[in-house]
Amino acid sequence: MTDPAPIGVHLNGSIPLATAEEVFRLAVGVLGPRIRRVPDGETGPRSNWIEWQLPVLQRQPSLETVPPDPEHYRPLPRVQFRPGTSALHLGGLGYAEAARASWLVFSRLQASGELPAGLRFQVSLPTPLAPMAIFVMAHDQAAIEERYEQRMLEELREIVDAIPHHRLSIQWDTAVEFALLEGVFPAWFADVRDQIVERLLRLGNAVPPDVELGYHLCYGDAGHRHFVEPSDTSNLVDVAMAVARGLERPLAWIHMPVPRSRDDPEYFRPLRDLHLADTTELYLGLVHRTDGFNGARRRAAAAAEFVPNFGVATECGMGRRPPETVPDLLRLHAELAVPR
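Residues numbered from 1 in each chain as written. Predicted model: local features only at pLDDT ≥ 70, side-chain atom pairs only at ≥ 80, totals over all residues. Heavy atoms only, no water.

Further remarks concern the overall build of the protein chain. Summing up its helical and strand segments, the protein chain has 11 helices and 9 strands in all. The C-alpha radius of gyration computed for the protein chain amounts to 19 Å, which stays within 12% of the reference 20 Å derived for 340 residues, consistent with globular compactness. Dimensions of the protein chain, computed from the C-alpha atoms along their principal axes, are close to 60 × 50 × 40 Å. Out of the 340 residues belonging to the protein chain, those deemed buried represent 59%. Taking all contacts inside the protein chain whose residues are at least 6 apart in sequence as the whole, residues at least 24 apart take part in 78%. Summed over its atoms, the accessible surface of the protein chain is roughly 13,700 Å², and 51% of this surface lies on carbon and sulfur atoms. Between the mean site of the 34 positive side-chain charges and the mean site of the 44 negative ones, the protein chain shows a separation of 4 Å. (Helix = DSSP H or I, 4+ residues; strand = E, 2+ residues; numbered from the N terminus. Rg over C-alpha atoms; globule rule 2.2 N^0.38 Å. Buried < 20%, exposed > 50% of the residue type's maximum accessible area, 1.4 Å probe, protein only. Contact = heavy atoms within 4.5 Å. Areas by Shrake-Rupley, 256 points an atom, 1.4 Å probe, with all protein chains shown as cover. Lys, Arg positive; Asp, Glu negative; His and termini not counted. Charge placed at Lys NZ, Arg CZ, Asp CG, Glu CD.)

It is the contact of helix 3 (residues 95-111) with helix 5 (residues 141-162), at a shortest axis distance of 8 Å, that shows an interaxial angle of 20 degrees. Between helix 3 and helix 5, the crossing angle belongs to the class labelled roughly parallel. Between helix 3 and helix 5 lies a crossing of right-handed hand. When helix 3 is examined against helix 5, the residues Tyr95, Ala96, Ala99, Arg100 and Trp103 are found in contact with a partner set consisting of Tyr148, Met152, Glu155, Glu158, Ile159 and Ala162. Of the residues assigned to the contact of helix 3 with helix 5, the class counts are 8 nonpolar, no polar and 3 charged. (Axes fitted to C-alpha atoms, helices over the stretch in contact; angles between N-to-C directions. Parallel < 35°, antiparallel > 145°, perpendicular 65-115°, else oblique. Left-handed = near helix turned anticlockwise from the far one by under 90°. Nonpolar A, V, L, I, M, F, W, Y, C, P; charged D, E, K, R; others polar.)

Quick look at the sheet that holds strand 9 (residues 311-314) now. Taken together, 7 strands build an open sheet; the order of strands is 1-4-5-6-7-8-9 and the sheet is parallel. Of all strands in the sheet, those bounded by a partner on one side alone are strand 1 (37-39) and strand 9. Within this sheet the neighbouring strands show an average axis-to-axis angle of 30 degrees, counted without direction. Alignment of strand 7 (residues 253-257) against strand 8 (residues 281-287), held across 5 bridges, turns out to be parallel. Bridging across to strand 8, Trp253 finds its partner in Glu281. (Pairing = 2+ DSSP bridges.)

Of all 6 residues making up strand 6 (residues 212-217), 6 are buried, and the element is well covered by its neighbours. Neither face of strand 6 is exposed, since Glu212, Gly214 and His216 on one face and Leu213, Tyr215 and Leu217 on the opposite face are all buried. Bridging between strand 5 (residues 168-174) and strand 6 involves 6 bridges; their strand directions are parallel. Bridging across to strand 6, Asp173 finds its partner in His216.

This part takes up helix 1 (residues 20-31). Helix length check: helix 1, at 12 residues, gives a terminal C-alpha distance of 16 Å against a target of 16 Å (1.5 Å per residue), a fit within 8%. By the burial criterion, the buried members of helix 1 are Ala20, Val23, Phe24, Ala27, Val28, Val30 and Leu31. Packing partners of the buried residues in helix 1 comprise strand 1, helix 3, strand 4 (120-126) and helix 11 (326-336). (Expected span 1.5 Å × (residues − 1).)

Now for the side chain of Gln110. Structurally, Gln110 can be placed in helix 3. Residue classification places Gln110 among the buried residues on the basis of a relative accessible area of 9%. Ignoring anything within four residues of it in the chain, the contact list for Gln110 reads Leu115, Pro116, Ala117, Gly118, Leu119 and Arg167.

This paragraph deals with the pattern of salt bridges. Using the criterion set out here, one finds 24 salt bridges in the structure. Two residues, Glu212 and Arg37, come together in a salt bridge whose shortest N-O distance is 2.8 Å. In this pair, Glu212 is assigned in strand 6 and Arg37 in strand 1, connecting sequence segments 175 residues apart. A single burial state applies to Glu212 and to Arg37, both of which are buried. Of the charged contacts in the structure, one is a salt bridge between Arg151 and Glu158, with a shortest N-O distance of 3.0 Å. Residue class for Arg151 comes out buried when judged on its relative accessible area of 13%. Here Glu158 falls in the partly exposed class, since its relative accessible area comes to 28%. (Salt bridge = Lys/Arg side-chain N within 4 Å of Asp/Glu carboxyl O.)

So, on to unusual backbone geometry. Backbone geometry follows two general trends: most residues other than glycine have a negative phi, and most peptide bonds adopt the trans configuration. The phi dihedral of Glu42 is positive, around 50 degrees, even though this residue is not glycine. Relative to the assigned elements, Glu42 resides in the loop between strand 1 and helix 2 (53-58). Unlike most non-glycine residues, Asp191 shows phi in positive territory, near 50 degrees. Along the chain, Asp191 turns up in the loop between helix 6 (176-181) and helix 7 (192-205).

Across the interface, helix 1 lies against helix 3 with an axial gap of 9 Å and an inter-helix angle of 40 degrees. The angle between the axes of helix 1 and helix 3 places the two elements in the oblique class. You can see that helix 1 and helix 3 cross each other, and the crossing is right-handed. Across the interface between the two elements, Ala20, Glu21, Phe24 and Arg25 of helix 1 pack against Ser102, Val105, Phe106, Arg108 and Leu109 of helix 3.

What follows is the structure, given as structure tokens:
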């Protein structure tokens, strides 16, 4: 069995500390040269990924709230158009505002030398499919998705206008897409796989080419449960390759999840078909606090049989775990990955 030495660490986004400054200081203090970019931790109301977008939709005068479906993967209230209405004029979603505020902290710490000069500021954004599938009733998903995507791309433009491009990284969080591909959630569009790829390419190509771009592929983490357990990495590789081939701009990284129980060759075998550019980093989410260093090394060794170079990460963001566990979890990353 190959004895891997993963290169580098990736942080997917959410880190449950009190402030962005605390996140920046801890991440750099523990991981040092193992990271190329750092998120602000999605602290405060953003701590549970997209749940803070439900109130954004509920505030729209043309939308009304429907009680939760207890059978849904994430049983939360949902919205639909009020009878006789179809207009939706979304204001700020909050992502650009949060990014600008955290950027001021990052920039101050970098200017003072407390953060490395070459470190980039990472902004993680959910694909619009996520709030549509989780917060919108089926009959209105198509109409609201179109308006929501328009507003999300406006917020992206606000972010890239506010932050120097050579210091910025954008990540599209791509999770609900795999619930649609696996048939767990019903899709409101035909040709599900091709339409998902088309959307991911549209979002990626909207990022200026001199801003780093990456995708965090995920199978969900609500209640520390996946939408469905992936049988292997086939769907992940398929989507990653379609995006890598279809983008009209550089792709800096792809992240893929690795379930805790999967240290078998069958899970990783499809990675043989993953052919990324030399400039595209692959990160495998094989770090699980529950089985520590030895479990992660088993998963890394199994992966290394099929893909020669990769960095390490958790499967998803860390936002749904106790804050006091974060330092040890970051140290586990540091133990697994060699500095760049």
